[in-house]
Amino acid sequence: MNLPDDRPISCPEQLSDDHRTQLKNVSGGEKTRKQKPRDPSQHVNHQNRFEPLSHEDSVKDSTPPSNADKSFTTVLVGDSMIKQIQGRSLGRKVGHRVVVKSFPGATTNDMKHYLMPTVDKSPQQIIPHVGTNDLRDHSPTLVAENIVDLARKIEMESNAEVILSELVSRSGNVPNDAVKAVNKRLLKYCNQNDWRMIKHQNIDRTCLNKSGLHLNEKGNNILFRNFVNALDNSSMH
């Protein structure tokens, strides 16, 4: 076989890999496949743009469904009680983009910091679901006031609508009466500040797992429906 300058090759086995590739291409043999440049619109990064730089954060499938209103975003941010809520599934049900961010063990004081990356992204609605972990060390009155402080902080630093979410009863070292007392105070503050409130009174002890700290499948399904009922078509409000 001769190269284009007619010089014979006496030792083809000494050719480099690059030369062999060139010869194959010239002879019409197997060609190397060129990789097509990636379309920027098809960037395969599923990390949520609202996700804060925290290893405790858990963003639940926040990619909006195809039929969702992508110009309207609700962010549900809270403790581990919401960890099984899937943002994509919720968004499909309510007709707009929903981002769910769960911080296990978070208190209202922790949430002051966890909320900031969300506030900076200016979603249309923010739902803080937090307070149960505070009841281990603080009174229902103080916990309710801390939640209200979070809501006011959101309003002062963004244009997002604030929607409060009732605390969910659980067993263990958090008395059910304390949870009810917090929810009663939150409802009062919601009426005073024209905030909407998502109620979870239909979640009882039969909705808890064996540890009594989190929800079982029944409880998660009810919690999901409560958010759906509250957010369905909320972008039209």
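As a starting point, this report considers the structure included with it. These numbers were taken from a predicted model, which means no experiment stands behind them.

1. Observations concerning helix α7 (residues 217-231)
- Spanning 15 residues, α7 covers 21 Å between terminal C-alpha atoms, matching the ideal 21 Å at 1.5 Å per step.
- When α7 is considered as a whole, its buried residues turn out to be G219, N220, I222, L223, F224, N226, F227, V228, A230 and L231.
- Between a side-chain oxygen at the N-terminus of α7 and the backbone nitrogen of K218 the separation is 3.2 Å; the capping residue is N216.

2. Regarding the packing of aromatic side chains
- According to the stated counting rule, one finds one aromatic pair in the structure shown.
- Consider the rings of F103 and Y114, whose centres lie 4.0 Å apart with planes at 5°: the pair is stacked. On the criterion of sequence distance, the pair formed by F103 in the loop between β3 (96-102) and α3 (108-114) and Y114 in helix α3 is long-range, its members being eleven residues apart. For the pair shown, F103 and Y114 are each scored as buried.

3. Looking at the pairing of strand β5 (residues 161-165)
- Taken across its five residues, β5 has four buried, putting it largely inside the fold.
- The pairing of strand β4 (residues 125-129) with β5 spans two bridges and is classified as parallel. Following the sheet pairing, I126 is matched in β5 by V162.
- The parallel pair β4 and β5, bridged by helix α5 (residues 140-157), forms a crossover whose chirality is right-handed.
- Bridge count for β5 against strand β6 (residues 196-198) is three bridges, and the pairing is parallel. Across the sheet, L164 pairs through a bridge with M197, a residue of β6.
- In this view, the connection linking β5 to its parallel neighbour β6 by way of helix α6 (residues 176-193) has right-handed handedness.

4. Concerning the side chain of H200
- Summarising the element assignment, H200 is placed in the loop between β6 and α7.
- The class of H200 is buried, set by a relative accessible area of 3%.
- Of note is the side chain of H200, whose polar atom sits 2.8 Å from the side chain of S165.
- At a separation of 3.1 Å, a polar atom in the side chain of H200 contacts the side chain of N226.
- Among residues more than four places away in sequence, those in contact with H200 are H129, S165, E166, V168, L223, N226 and F227.

5. Section: the nonpolar core
- Formed by 32 residues in total, the largest nonpolar core has its most connected members in M111, L135, L164, V182 and L186.
- Of all the elements, α5 adds the most residues to this core, at seven residues.
- For M111, the contacting residues outside a window of four places in its chain are V77, G78, D79, F103, A106, V130 and L150.
- Core analysis: the second largest hydrophobic core is formed by 23 residues, V168, L223, F227 and V228 among them.

6. Side note on the side chain of H129
- With respect to the helices and strands, H129 occurs in strand β4.
- Polar contacts involving the side chain of H129 include one to the side chain of S165, which spans 2.6 Å.
- The residues contacting H129, other than those within four sequence positions of it, are L76, V77, G78, D79, M81, I82, S165, E166, V168, H200 and F227.

7. Remarks on the pattern of salt bridges
- Counted according to the given criterion, the structure contains two salt bridges.
- Two residues, K153 and E157, come together in a salt bridge whose shortest N-O distance is 3.2 Å. Here E157 and K153 lie together in helix α5, a separation of four residues that amounts to about one turn.
- Among the salt bridges present, the one from E161 reaches R196, with a minimum N-O distance of 3.1 Å. In this pair, E161 sits in strand β5 while R196 sits in strand β6, placing the two residues 35 residues apart along the sequence.

Quick notes on the rules
Residues numbered from 1 in each chain as written. Predicted model: local features only at pLDDT ≥ 70, side-chain atom pairs only at ≥ 80, totals over all residues. Heavy atoms only, no water. Helix = DSSP H or I, 4+ residues; strand = E, 2+ residues; numbered from the N terminus. Expected span 1.5 Å × (residues − 1). Buried < 20%, exposed > 50% of the residue type's maximum accessible area, 1.4 Å probe, protein only. Polar contact = N/O pair within 3.5 Å; in protein donor to acceptor, adjacent residues only side chain to side chain. Phe/Tyr/Trp six-rings, centres within 6.5 Å; stacked < 30°, edge-to-face > 60°. Pairing = 2+ DSSP bridges. Right-handed = clockwise from strand over helix to strand, strands pointing away. Contact = heavy atoms within 4.5 Å. Core = buried A, V, L, I, M, F, W, Y, C linked by side-chain atoms within 4.5 Å. Salt bridge = Lys/Arg side-chain N within 4 Å of Asp/Glu carboxyl O.

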